[in-house]
Amino acid sequence: MPRWMAPLAVLAATVVLLPIVATVARLDWSRLPELLTAPAALDALGLSLATAAISTCLCLMLGLPLGYALATWRSRFKPAVRALVLAPLVLPPVVGGLALLYAFGRRGLLGGALEDAGLSLAFTTAAVVVAQTFVAMPFMVLATESALGAQAGHHEALAGTLGASRSTTLWHVTLPALRPALITGTVLAFARALGEFGATLTFAGSMPGVTRTLPLEIYLQRETDADAAVALAVLLVAVAVTVVALAYRPLSARTPAGAGR
Amino acid sequence: MTLVLAGCSTASAGDDRVLTVYAAASLTDVFAQLEEAYEAEHPHVDVVVVHGGSAELAATIVEGAPADVFASANEAQMEAVQELTAAPPTIFATNTLTLVVEDGNPLRLAGLDDLAREDVVSVVCAPQVPCGAATLELAAAEGATLAPSSQESSVTDVLGKVAAGQADAGVVYVTDVARASGVEQVEIDGAAAVVNSYPIAPMSGGESLDLAASFVDLVLGDAGQRVLAEAGFGSP
C-alpha cells in the first residue's frame, strides 16, 4: 500500500468505528443485565434471529440461481435486468415497504389472489421474512454473479468433456470454487436481514413476538427509554459482528485452500 | 446551476435572520400556513420548520440542535427538554382520538367495541408512544377490549396501514384523518374524555429569542388559533 493511503484508511476506520464506539460509550452498564433480559428484548432478539436465518436460507436458495443465470445469460438486456434486481439496495427503506405492499398487500397485485388462497401475509411473521428476503437478496445475487464472472469456466468445460452432467458439474466443480463468494454473500445477506427496519415497519407492522424484530423494538424503546434502545442497539451490533467474524474471512486468506482443490 | 445559485442569493439578501421551529409531525400543514403568515409580517426573517415525531425532536434538542421554538404533540416530550426552555411552555391546541376506516365504512364499524370483531383487522399505536397510551386510556374508560394486529410506532404508521388497506381500522387523532385521503372517521363515544395537549415554548438553545417569542405569540393569537381550528384542533 502506498504510504499516502494510510491516513485515508485511518479516516475511513474512524468514520465507521466512531459512531459505534460512541454508542457503546452511552451504555448504562448498571442497567444492562436488566435491559437485555427484559421479555420484550428477548422476544425481539429471538424473532430477529429466526426470521433473519430463514430469510438468509431463502436468499441462498433463490439468489444463487439468479446470480448464476445473470452470469451466464448473454443478452443486451442484461445490464438493465441486473440493475433492477439490485434496486432493493438503493430503495429508501419505507419505499421498499410500500413496494411490497403494492405487490403482496391486501390490495396489492398478488394480495387478492393470496387472500383467496388463505395466505394473507398482513401482519404475520411471514411478512417479516418477505421484507428481509427482498432487501437481502441483492447481496447473494451480486456475490454469485461476480464470482462466476471472474472464473473462465474452463473447469466446467473440462467436466463436461469427461461426461459429467450439468448438475454434477454444478455440485462438484462450480459450487466448491464459489465457496468463498457464497459465504460472503450469505453473511452479508444475514447481516442485512438482521438490520432490516423500514420495509418491515411499513409492510409487516409491529407486534411483540410476531413482527416486532430487534430494530423495531429499538425504534420503539427510544420513545420512552433511551438507555434500553442503546443497550439493544449494542446487542444487535454485537450479534452481527460475531456472526460476521465467525463466518467471514478475507478472500485472500482462503485462496490457498481454494486453490488446492 | 445558475438558477440554483440565483435562488440562494435572493433568499439570503432578503432573509437577514433565521428562526428555527421544531414542530410535531401532526402540525405540518398548520405550521406551513403559520410560517407564511409570520414571514409576511417579518420580511427579513426566514422561518425554517423542522418536523418529526415529538420524541425524536426532543431527543435532538437535548443533543444540542439549534431550535428557537419547540411545539410538541404531548407534554411529556416538552418536559424532556424543560431545562432548555427560555420561558414556561403554554398549551396552544388539543386533539382527541377517533376511529379511522376505509372511505364508506364498508365493515359498518360504529365504535371501539367493533375493533375486537373477528372480521376486523385493526391497528393502534404502541402503548409506549403518546397516541398508544391515550388509546389504552380511552379503551379502559369505555370498557372496550382491543385486539390489534399491530402496535405501530407512530400515528402516521397507523394511518398508513388503514390508507393502504392492510388494516380495516385504526385509532388516530381527529386531525390526522383530515390530512389523509381514502379514509374517513368514525367518532368514538367518550373520546372527549381523553384529551391530548400540545405545548409550545421558546428555546434557549437558539439564536433568535426575540423572534421566538413573537412566533409563539402568533400561534397563541387569533390568527394562529383560527388556522389550528380549521385543521380540526381543539382550543386549549
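Residues numbered from 1 in each chain as written. Chains lettered and ligands numbered in written order. Predicted model: local features only at pLDDT ≥ 70, side-chain atom pairs only at ≥ 80, totals over all residues. Heavy atoms only, no water.

1. Concerning the overall build of chain A
Applied cut-off: Numbering of helices and strands starts at the N terminus; helices are DSSP runs of H or I of at least 4 residues and strands are runs of E of at least 2. A simple rule labels every residue: compare its accessible area, found with a 1.4 Å probe on the protein chains alone, to the largest value its type can have, and call it buried under 20%, exposed over 50%, or partly exposed in between. Residue contacts are defined here by distance: any two heavy atoms, one from each residue, within 4.5 Å place the two residues in contact. Each accessible area is a Shrake-Rupley result for a 1.4 Å probe, and residues are judged covered by the shown protein chains and nothing else. Under this rule, positive means Lys or Arg and negative means Asp or Glu; His and the chain ends count for nothing. We put the charge of a Lys on NZ, of an Arg on CZ, of an Asp on CG and of a Glu on CD.
For chain A, the count of helices and strands is 14 helices and zero strands. Listed N to C, the secondary structure of chain A is α-α-α-α-α-α-α-α-α-α-α-α-α-α in terms of helices and strands. In terms of overall dimensions, chain A has a C-alpha envelope of 65 × 60 × 30 Å along the principal axes. The 261 residues of chain A split such that 37% are buried. The contacts in chain A between residues at least 6 apart in sequence include a share of 74% that link residues at least 24 apart. With an accessible surface of roughly 14,200 Å², chain A has 72% of that area assigned to carbon and sulfur atoms. Charge centroids of chain A, computed over 17 positive and 12 negative side chains, lie 16 Å from each other.

2. Comments concerning unusual backbone geometry
One non-glycine residue, A:Phe123, adopts positive backbone phi at about 60°. Secondary-structure assignment places A:Phe123 in the loop between α7 (111-116) and α8 (125-149). One non-glycine residue with positive phi stands out, namely B:Asn105, at about 45°. Examined against the element boundaries, B:Asn105 turns out to sit in the loop between β4 (90-102) and β5 (122-125). Look at B:Asn105 and you get buried, because its relative accessible area is 10%.

3. Looking at a nonpolar patch on the surface
Put simply, the rule reads: Note on patches: the residues involved have over 30% relative accessible area and no salt bridge, like charges join within 9 Å, and the nonpolar side chains Val, Leu, Ile, Met, Phe, Trp and Tyr join within 5 Å. Salt bridge, as used here, is a side-chain nitrogen of Lys or Arg placed within 4 Å of a carboxyl oxygen of Asp or Glu.
A surface patch of nonpolar side chains, about 590 Å² in accessible area, is lined by A:Leu11, A:Val15, A:Val16, A:Leu17, A:Leu18 and A:Val21. Relative to the assigned elements, A:Leu17 resides in helix α1 (residues 5-25).

4. Brief notes about the interface of chain B and chain A
The condition is simple: Values labelled buried area give the accessible surface lost by two parts on being combined, using a 1.4 Å probe and summing over both.
Contacts between the two partners involve 26 residues from chain B, matched on the other side by 20 residues from chain A. The contact between chain B and chain A buries some 2,000 Å² in all, and 48% of this surface belongs to carbon and sulfur atoms. Its largest share of buried area at the contact with chain A, chain B owes to B:Gln128, B:Ser153 and B:Gln166, together 32% of the area lost on that side. For the pair chain B and chain A, the number of links is three salt bridges.

5. Considering the packing of helix α3 (residues 39-72) of chain A against helix α10 (residues 166-195) of chain A
Residue and element names in this part refer to chain A. Spelled out, the test is: Every angle, taken between N-to-C directions, lies between 0 and 180 degrees, and every axis is a line fitted to C-alpha atoms, over only the stretch in contact when it is a helix. Here roughly perpendicular refers to angles of 65 to 115 degrees, roughly parallel to angles under 35, roughly antiparallel to angles over 145, and oblique to all remaining angles. Crossing handedness is read from the near helix: turned anticlockwise from the far helix by less than a right angle, it gives a left-handed crossing, and turned clockwise, a right-handed one. Under this grouping Gly is polar, as are all residues other than the nonpolar Ala, Val, Leu, Ile, Met, Phe, Trp, Tyr, Cys and Pro and the charged Asp, Glu, Lys and Arg.
In the contact formed by α3 and α10, the axes pass within 9 Å of each other and the chain directions differ by 140°. Classified by the interaxial angle, the pair formed by α3 and α10 is oblique. Pair α3 / α10 crosses with right-handed handedness. Only Leu 170, Thr 174, Leu 175, Leu 182, Thr 186, Ala 189, Phe 190, Ala 193 and Leu 194 of α10 make contact with α3, whose side of the interface consists of Ser 48, Leu 49, Ala 52, Ala 53, Ser 55, Thr 56, Cys 59, Leu 60, Leu 64 and Tyr 68. When the residues that make up the contact of α3 with α10 are grouped by side-chain class, the tally is 14 nonpolar, five polar and no charged.

6. Comments concerning the pattern of salt bridges
Close approach of charged atoms allows side chains of opposite charge to pair. Residue and element names in this part refer to chain A. By the definition in use, this model includes 11 salt bridges over all chains. Note that Glu 145 and Arg 82 form a salt bridge whose closest N and O atoms lie 2.8 Å from each other. On the criterion of sequence distance, the pair formed by Glu 145 in helix α8 and Arg 82 in helix α4 (residues 78-85) is long-range, its members being 63 residues apart. By sharing partners, the salt bridges in this structure join Arg 31, Glu 34, Asp 225 and Asp 227 into a single network.

7. Details of a negative patch on the surface
A cluster of acidic side chains, namely B:Asp113, B:Glu142, B:Glu187 and B:Asp189, defines a negative patch on the protein surface. If you trace the backbone, B:Asp189 turns up in the loop between β8 (183-186) and β9 (195-202).

8. Structural notes on the state of the cysteines
Each disulfide is one covalent bond, formed between the sulfur atoms of two cysteines. Operational definition: The disulfide criterion used throughout: a pair of cysteine sulfur atoms within 2.5 Å.
Under the counting rule described, the total for this entry stands at one disulfide over all chains. Disulfide partner of B:Cys125: B:Cys131, at an S-S distance of 1.9 Å. Taking the torsion about the S-S bond as the criterion, the B:Cys125 to B:Cys131 disulfide, at about -95°, is left-handed. Taken individually, B:Cys125 and B:Cys131 each receive the classification buried, so the pair is uniform in this respect. Not part of a disulfide, A:Cys57 finds its nearest cysteine sulfur in A:Cys59, a span of 9.3 Å. Residue A:Cys57 is classed as partly exposed on the basis of its relative accessible area of 46%. Residue classification places A:Cys59 among the buried residues on the basis of a relative accessible area of 0%.

9. Some words on the confidence of the model for chain A
All names here are of chain A. In plain terms, the rule: pLDDT: the predictor's confidence for each residue, scored from 0 to 100.
Averaged over all residues, the pLDDT of chain A equals 88, while 94% of them reach at least 70. At the low end of the mean pLDDT range in chain A sits helix α14 (residues 251-260), at 46; at the high end sits α3, at 95. With pLDDT under 50 throughout, residues 252-261 is counted as low confidence; its partners more than four residues away or in other chains account for six contacts.

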